Amino acid sequence: MIKFTIITLFREAVEPYLKSSMMWKATEKGLAEFDFVNLRDFGLGPHKSVDDTPYGGGDGMLLRCEPVFAAVESIKAKDPKAKVILPTPVGEVWNQEKAKRLAEGRLFATAEPPQGEYPQPAKDYHYIILCPHYEGYDERIISIVDYKISLGKYVLTGGELAALIIIDSVVRLIPGVLGGEQSALIESFSDGDNLEYPQYTRPENFRGMTVPEVLLSGNHGEIAKWRERHSGLAK
Ligand code: 6GU
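Cut-offs and rules
Residues numbered from 1 in each chain as written. Predicted model: local features only at pLDDT ≥ 70, side-chain atom pairs only at ≥ 80, totals over all residues. Heavy atoms only, no water. Helix = DSSP H or I, 4+ residues; strand = E, 2+ residues; numbered from the N terminus. Contact = heavy atoms within 4.5 Å. Pairing = 2+ DSSP bridges. Axes fitted to C-alpha atoms, helices over the stretch in contact; angles between N-to-C directions. Near = heavy atom within 4 Å. Polar contact = N/O pair within 3.5 Å; in protein donor to acceptor, adjacent residues only side chain to side chain. Areas by Shrake-Rupley, 256 points an atom, 1.4 Å probe, with all protein chains shown as cover. Nonpolar A, V, L, I, M, F, W, Y, C, P; charged D, E, K, R; others polar. Phe/Tyr/Trp six-rings, centres within 6.5 Å; stacked < 30°, edge-to-face > 60°. Buried < 20%, exposed > 50% of the residue type's maximum accessible area, 1.4 Å probe, protein only. Salt bridge = Lys/Arg side-chain N within 4 Å of Asp/Glu carboxyl O.

(A) Main features of the environment of Val170. Examined against the element boundaries, Val170 turns out to sit in helix H5 (residues 160-171). Through-space distance from the C-alpha of Val170 to that of Ala99 is 5.0 Å; in sequence the pair is 71 residues apart. Those residues within four positions of Val170 in sequence are excluded, and the remaining contacts are Ile2, Phe4, Trp94, Ala99, Leu102 and Ala103.

Below, the structure is given as structure tokens:
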């Protein structure tokens, strides 16, 4: 079971996606669990404030430390092993290899696992995704973050979309989520991924655009070679 607890002010922006399609099926099959913590619940004063202006001046508001620390501590009180992920444009850029490592619970491990001891996809992993909003966050928040993740060189208004992308890319790698055999070895499941080469379905000829001959040949050896030649995620 992989669990994500999402700390956000905008649960309504995140939850519908996790209640749809493959993410929902993953929860129905007991392979993933999604939980929400409302940062507002830990806000300060009568207005439950969670942000303030930056020292030194400048535009906008920053998430302040107290509500964020309290929210994370409330989760860690129940599960001290949970790891904290912060989506931020200054994080390490996310990629398929990192998604795989997170799915295997070893994004945070320094050493490679000994040969033969992995996969252990059934193990329990709990990730807390702390979604910043507003112009940014107080830098001291970094002290409770295990991993900063960026989606690329552009800026989003908050961490919610990033959280969904991180979750989606990880959960689809959990054996059983995409409908493959439960027993799929974790190291090989992305090799079995059939999304990395061009694919076609009926009709054979659509407005003059035809399906490559080899795919109609029934020659599985040639088909495998063709797919190999045409495969690869965009670099
Ligand atoms: Cl993870 N967050 C925000 N706010 N902007 C981003 C990003 C993350 N990755 C790229 N741009």
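(B) Spotlight on the sheet that holds strand E1 (residues 2-8). Taken in spatial order, the five strands line up as E2-E1-E6-E5-E8 in an open sheet, and their pairing is parallel. If you trace the sheet from one side to the other, it starts and ends with strand E2 (32-38) and strand E8 (147-150), each paired once. Geometrically, the sheet is characterised by an average inter-axis angle of 35° between neighbouring strands, direction not taken into account. On the sheet, H5 packs against E1, E2, strand E5 (83-93), strand E6 (125-130) and E8 and is oriented at approximately 175° with respect to E1.

(C) Representation of the site of the ligand in the model. Taken together, the residues surrounding the ligand are Pro87, Thr88, Pro89, Ile149, Ser150, Leu151, Gly152, Tyr154, Val155, Leu156, Gly158 and Ala162. Between the ligand and Tyr154 there is a distance of 2.4 Å, counted from a nitrogen atom to a backbone nitrogen or oxygen. At 3.0 Å from a nitrogen atom of the ligand is found a main-chain nitrogen or oxygen belonging to Leu156. For the ligand, the accessible surface in isolation is 290 Å², of which the surrounding protein chains cover 96%. With three residues, E5 is the largest single contributor of residues to the shell around the ligand. Grouping the amino acids of the shell around the ligand by side-chain chemistry returns eight nonpolar, four polar and no charged.

(D) Quick look at the packing of aromatic side chains. Considering all chains together, one arrives at two aromatic pairs under this definition. Judged by centre distance (6.3 Å) and plane angle (25°), the rings of Phe4 and Phe34 are stacked. In this pair, Phe4 is assigned in strand E1 and Phe34 in strand E2, connecting sequence segments 30 residues apart. Accessibility assignment for this pair places Phe4 and Phe34 in one class, buried. Ring geometry for Phe4 against Tyr127: centres 5.7 Å apart, planes inclined by 35°, an arrangement best described as tilted. With a gap of 123 residues between them, Phe4 in strand E1 and Tyr127 in strand E6 connect regions that are remote in the sequence. Judged by its relative accessible area of 0%, Phe4 falls in the buried class. Among the aromatic residues, those joined into a ring-pair cluster are Phe4, Phe34 and Tyr127.

(E) Molecular detail of the sheet that holds strand E4 (residues 62-63). Sheet architecture is open: three strands sit in the order E3-E4-E7, paired in mixed fashion. Bordering the open sheet on either side are strand E3 (51-52) and strand E7 (136-137), each of which pairs with just one other strand. Relative to E7, E4 is paired through two bridges, and the arrangement is parallel. By the bridge assignment for E7, Leu63 is matched with Tyr137.

(F) Geometry of the pattern of salt bridges. Under the counting rule described, the total for this entry stands at 10 salt bridges. Residue Arg11 is joined to Glu15 by a salt bridge in which the shortest nitrogen-to-oxygen separation is 3.0 Å. Note that Arg11 and Glu15 are positioned in helix H1 (residues 11-18) at a spacing of four residues, about one turn of the helix. Given a relative accessible area of 40%, Arg11 falls into the partly exposed group. Lys19 serves as the salt-bridge partner of Glu15, at 3.4 Å between the closest nitrogen and oxygen. With relative accessibility at 47%, the residue Lys19 sits in the partly exposed group. Taken together, the shared-partner salt bridges in this structure form one network comprising Lys3, Glu33 and Asp35.

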